[in-house]
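# Structural characterization, general
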Amino acid sequence: MTIPASRVEHVADPSRKAGLIGNCPDPAQLLGHSPGLRLDVLDRLRDASVLSAAQFDKDLLCELAKLAALLQLKSFPVLDALEDKILAAAFFEPSTRTRLSFESAMLHLGGKTISVADAKTTGVAKGESMRDIGQMFNSYADIVAVRHTEQSAVGELCKYLRIPLLNGGNGSDEHPSQALADWYALLKWRPEIAYGTIPEKFRLNIGIIGTPGNMRTVKSFLMLALLFEKNINHITIFSEMADPLGEEIRAMTNASAIGINFSQDLSQSLEYLDVVYMNAIAYLGDGYRFFGDAFSLDASSPLKPDTVILHPLARGEELSVDLDHTQHNLYFNQADGAVWIRQALLLCIFGRVADVVPPEHLS
Ligand code: CP
């Protein structure tokens, strides 16, 4: 059989194979100015469930990002690091990135995965309780990544689990490992956020399009942003809702030195924003709702030349595909990095970091 020339060119194009679309900061930048990994900090995650971004402080987030960078650079072998472990990826709500990147992360480390991709294929369809489902996770896996439409589901499951749980998104509440992926991308892009203090006039201005009060990715991203008060000047929230923060997040932002602004005029604000975090889809109890799609970006938007855009995806009309091949596009790198930061998380939770990281990479 003769392969058509167009298909041969497609496979042979090295930039396509490497997936080099948009802004691809070198993970080595994150390691260049830093001491080696701090095992004492990473060991705080040993045997831990990850339920909320509130579990992370700046040190833990930055050490995790450094470990992810070492993994992404393939600095040492990890192919059998978790060969005796099984991850259950139990997704009771649809997902592309979170479920697949958790599974990919486990497979990169030599572990095995079992998966629920659709609640309808489980006993939930027959009215099975979370209590009984939790017992099965204990029997069949060593760790479970869970997504559920109900905010209370992960807490409920934890009551019956003897293995760690990774919250892959619980209703409108939180998506902590997504926030780790968000910040892994930003710390690769500007490593100085992790190390030292940025002079005041160069501190970041971040725009968030969405409602932290009821959008889990936006909420967890904002919670981690508040860890960098020495390097972030202002965060501006763009939302059509009267109270985009809600009581819980407002208490956190009130306690932070970072200035929080609210605006409905994205176009006018773009001239001073260094980072734009956008999302428009939220699951609210009975289905998906679109928030913030009044605020959209495309290649003609008046962005500063070095502004980067983050988006947890899936995207809607708010983010034009004509931005994909520009340097504003950090969102594909954000999704790509998820597999490395989730590997870092798994190694820490199973207490295997010291087994795989050679001494020259430790502090
Ligand atoms: N970022 C994210 O949560 O994407 P998925 O819904 O595809 O998992």
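Residues numbered from 1 in each chain as written. Predicted model: local features only at pLDDT ≥ 70, side-chain atom pairs only at ≥ 80, totals over all residues. Heavy atoms only, no water.

## A few points about the site of the ligand
Residues in contact with the ligand, as listed here, are Ser95, Thr96, Arg97, Thr98, Arg147, His175, Gln178, Pro312 and Leu313. Between an oxygen atom of the ligand and a side-chain N or O atom of Arg147, the distance comes to 2.9 Å. Here an oxygen atom of the ligand sits 3.5 Å away from a polar atom, N or O, in the main chain of Leu313. Contact with the protein chains removes 91% of the 250 Å² of surface that the ligand exposes when unbound. When we break the shell around the ligand down by domain, the ones giving at least three residues each are domain 1 (5-175 + 338-361) and domain 2 (178-335). (Near = heavy atom within 4 Å. Polar contact = N/O pair within 3.5 Å; in protein donor to acceptor, adjacent residues only side chain to side chain. Areas by Shrake-Rupley, 256 points an atom, 1.4 Å probe, with all protein chains shown as cover. Domains from an automatic or database assignment.)

## Brief notes about the packing of helix 5 (residues 58-72) against helix 13 (residues 331-349)
One can describe the packing of helix 5 onto helix 13 by two numbers: an axis separation of 8 Å at closest approach and a directional angle of 115 degrees. Looking at the two axes, helix 5 sits roughly perpendicular to helix 13. The handedness of the crossing between helix 5 and helix 13 is right-handed. In this structure, helix 5 uses Leu64, Ala65, Leu67, Ala68, Leu71 and Gln72 to contact helix 13, whose residues at the interface are Asp336, Trp340, Ile341, Gln343, Ala344, Leu345, Leu347 and Cys348. Each residue belonging to the contact of helix 5 with helix 13 can be placed in one class, and the counts come to 11 nonpolar, 2 polar and 1 charged. (Axes fitted to C-alpha atoms, helices over the stretch in contact; angles between N-to-C directions. Helix = DSSP H or I, 4+ residues; strand = E, 2+ residues; numbered from the N terminus. Parallel < 35°, antiparallel > 145°, perpendicular 65-115°, else oblique. Left-handed = near helix turned anticlockwise from the far one by under 90°. Contact = heavy atoms within 4.5 Å. Nonpolar A, V, L, I, M, F, W, Y, C, P; charged D, E, K, R; others polar.)

## Looking at the sheet that holds strand 1 (residues 86-91)
The pairing of strands in a sheet comes from backbone hydrogen bonds and takes either a parallel or an antiparallel form. The strand order across the open sheet formed by 4 strands is 2-1-3-4, and the pairing between neighbours is parallel. For this open sheet the edge positions go to strand 2 (112-116) and strand 4 (165-170), each flanked by a neighbour on one side alone. Direction aside, neighbouring strands of the sheet carry axes that sit 10 degrees apart on average. Here strand 3 (residues 143-148) runs beside strand 4; their pairing, made up of 4 bridges, is parallel. In the sheet register, His148 faces strand 4, and the bridge partner there is Asn170. (Pairing = 2+ DSSP bridges.)

## Examining helix 11 (residues 246-254)
The periodicity of an α-helix, 3.6 residues per turn, causes residues three or four positions apart to be oriented the same way. Every buried residue of helix 11 is accounted for by Gly246, Ile249 and Thr253. Looking down the long axis of helix 11, one finds its buried residues gathered within 45 degrees of arc, a one-sided arrangement. Opposite the packed face of helix 11, turned more than 90 degrees from it, sit the exposed residues Glu247, Ala251 and Asn254. On its buried face, helix 11 sits against helix 10 (216-225) and strand 7 (259-263). (Buried < 20%, exposed > 50% of the residue type's maximum accessible area, 1.4 Å probe, protein only. Arc of directions from axis to C-beta.)

## Quick word on helix 6 (residues 97-108)
In this model, helix 6 (12 residues) spans 16 Å end to end at C-alpha, consistent with the 16 Å of a helix rising 1.5 Å per residue. When helix 6 is considered as a whole, its buried residues turn out to be Thr98, Arg99, Ser101, Phe102, Glu103, Ala105 and Met106. Summarising the contacts, the buried residues of helix 6 are in contact with strand 1, strand 2, strand 3, strand 4, helix 9 (176-189) and helix 13. Within two residues after helix 6, Gly110 carries a phi angle of roughly 85 degrees, on the positive side. (Expected span 1.5 Å × (residues − 1).)

## Some points on the packing of aromatic side chains
Using the criterion set out here, one finds 5 aromatic pairs in the structure. Ring-pair connections join several aromatic residues into one group, and the members of that group are Trp183, Phe221, Phe228 and Tyr277. Over the ring of Tyr184 we find Lys188, and its NZ or CZ is 4.0 Å from the ring centre. The residue whose ring lies beneath Arg342 is Phe102, and the NZ or CZ to ring-centre distance is 4.6 Å. (Phe/Tyr/Trp six-rings, centres within 6.5 Å; stacked < 30°, edge-to-face > 60°. Lys NZ or Arg CZ within 6 Å of the ring centre and 35° of its normal.)

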